Amino acid sequence: MSISVQALTKIYGEQKAVDSISFEAGPGVLGFLGPNGAGKSTTMKMLTCFIPQTEGTASVCGFDISKQPLEVKRNIGYLPENNPLYADMYVKEALAFVADIHKMQQPTQRIAEVIEQTGLGPEQHKRIGQLSKGYRQRVGLAQAILHNPQVLILDEPTSGLDPNQLIGIRQLIVDLGKTKTIVLSTHIMQEVEAVCDRVIIINKGKIAANDTLQGLRSKNGDKTLENIFIGLTN
């Protein structure tokens, strides 16, 4: 499995933000759902080595997040919820900067491919600060996939996109999921149903469900995903 998590825990003061969760993920798109404050973003930050865990272990592509953080980061692409970007950089300049961080050899062709994949062509010669929120989100996604990682962790990747842009980015996520392991956090249930193979629902730091969409429905009287989510997290 590309991602393996065992009893992962994060404690802030007296609060357990993530409480001994365990799961595995292989190629495909895993929906990672939960209400605000459930522990989704904290889990993602631990998997990307952005913050250390308090207890437990996890590995990405066979590399331990505590002992081999640089190898984990080489194999992972991360689009955080707040999508930090250099507003004064031009789109192509920002992608070249990220390529240099990853020490990519001859990145020009790869940058062109990613611009095409994410639909940034019309905006590629603009400063990031001039872009709409939707196009800035595309730049964040382009940066995440630029070094062709085996694992993608996407936190609200379609935030701010209009309906036409949504279709394109969702299709890109589906296509990437054919060969990569993608962990997708979103509050949009239609998005989960459109792109995800499996679903994990986390509530108050604990895993409330871990199953395929079909399996979840079968176990819950064929309710909609939204109703299942509400029932497990209320």
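In this text the structure is predicted, and so the values were computed from the model without any measurement. (Residues numbered from 1 in each chain as written. Predicted model: local features only at pLDDT ≥ 70, side-chain atom pairs only at ≥ 80, totals over all residues. Heavy atoms only, no water.)

1. With respect to the sheet that holds strand S2 (residues 15-25)
In space, the four strands of this open sheet follow the order S2-S1-S4-S5, with antiparallel pairing throughout. Each having just a single partner strand, S2 and strand S5 (63-64) make up the two edges of the open sheet. Bridge count between strand S1 (residues 3-12) and strand S4 (residues 55-60): five bridges; the pairing is antiparallel. From the neighbouring strand, Gln-6 faces S4, where its bridge partner is Thr-57. (Pairing = 2+ DSSP bridges. Helix = DSSP H or I, 4+ residues; strand = E, 2+ residues; numbered from the N terminus.)

2. Re the nonpolar core
Membership of the largest hydrophobic core comes to 44 residues, with the highest contact counts inside it found for Leu-33 and Leu-154. Once residues within four sequence positions are removed from consideration, Leu-33 is found in contact with Lys-40, Thr-186, Met-189, Val-192, Val-199, Ile-200, Ile-201, Ile-202, Leu-225 and Phe-229. Grouped together as the second largest cluster of nonpolar side chains are 25 residues, Ile-21, Ala-25, Met-44 and Ile-76 included. (Core = buried A, V, L, I, M, F, W, Y, C linked by side-chain atoms within 4.5 Å. Buried < 20%, exposed > 50% of the residue type's maximum accessible area, 1.4 Å probe, protein only. Contact = heavy atoms within 4.5 Å.)

3. Notes on the pattern of salt bridges
Summed over all chains, the structure comprises nine salt bridges. Note that Lys-206 is salt-bridged to Asp-19, the shortest N-O span being 3.0 Å. Of the two residues, Lys-206 is situated in strand S10 (residues 206-212) and Asp-19 in strand S2; the sequence distance between them amounts to 187 residues. Since its relative accessible area comes to 45%, Lys-206 is described here as partly exposed. Look at the salt bridges and you will find they share partners, linking Lys-16, Asp-19 and Lys-206 into a network. (Salt bridge = Lys/Arg side-chain N within 4 Å of Asp/Glu carboxyl O.)

4. Side note on the pairing of S1
One ladder, built from seven bridges, connects S1 with S2; its direction is antiparallel. Along S2, the bridge assignment pairs Ile-3 with Ala-25.

5. Considering the UniProt feature "domain: ABC transporter" (unreviewed entry) in the chain
UniProt's feature table lists "domain: ABC transporter" (unreviewed entry) at residues 3-229, given in the numbering used throughout. Taken as a whole, residues 3-229 contains 36% helix and 27% strand, while its terminal C-alpha atoms sit 24 Å from one another. (UniProt positions renumbered as here; feature names shortened; annotations may be inferred.)

6. Here we look at the environment of Ala-17
On the secondary structure map, Ala-17 appears in strand S2. Note: C-alpha distance between Ala-17 and Asn-203 (186 residues apart in sequence) is 9.9 Å.

7. Description of the packing of aromatic side chains
In this structure the tally under the stated criterion is two aromatic pairs. Here the aromatic rings of Phe-23 and Phe-32 are separated by 5.9 Å at their centres, their planes lie at 40°, and the arrangement is tilted. Considered together, Phe-23 and Phe-32 belong to a single accessibility category, that of buried residues. (Phe/Tyr/Trp six-rings, centres within 6.5 Å; stacked < 30°, edge-to-face > 60°.)

8. Section: the layout of surface pockets
Roughly 960 Å³ of internal volume is contained in the largest pocket. For the largest pocket, the lining is made up of 30 residues, of which Tyr-78, Pro-80, Val-98, His-102 and Gln-143 are closest to its centre. For the lining of the largest pocket, the elements supplying multiple residues, two or more each, are helix H1 (40-47), helix H2 (69-74), strand S6 (76-79), helix H3 (91-101) and helix H5 (133-145). Take the lining of the second largest pocket: its biggest share by element is three residues, from H1. Its residues assigned to classes, the lining of the second largest pocket shows four nonpolar, eight polar and four charged. (1 Å grid on protein atoms, 1.4 Å probe; cavity = no way out; pocket = protein on both sides within 12 Å on 5 of 7 lines; lining within 4 Å. Points joined across faces, edges and corners; volume = space filled by probe spheres on them. Nonpolar A, V, L, I, M, F, W, Y, C, P; charged D, E, K, R; others polar.)

9. Notes on the pairing of strand S3 (residues 28-33)
Burial of S3 is extensive: six of the six residues sit out of reach of the surface. The two faces of S3 match: Gly-28, Leu-30 and Phe-32 on one face and Val-29, Gly-31 and Leu-33 on the other face are all buried. Here S3 pairs with strand S8 (residues 181-185) via five bridges, running parallel. Bridge assignment links Gly-31 to a residue of S8, and that residue is Leu-184. Here four bridges tie S3 to strand S9 (residues 198-203), and the two strands are oriented parallel to one another.

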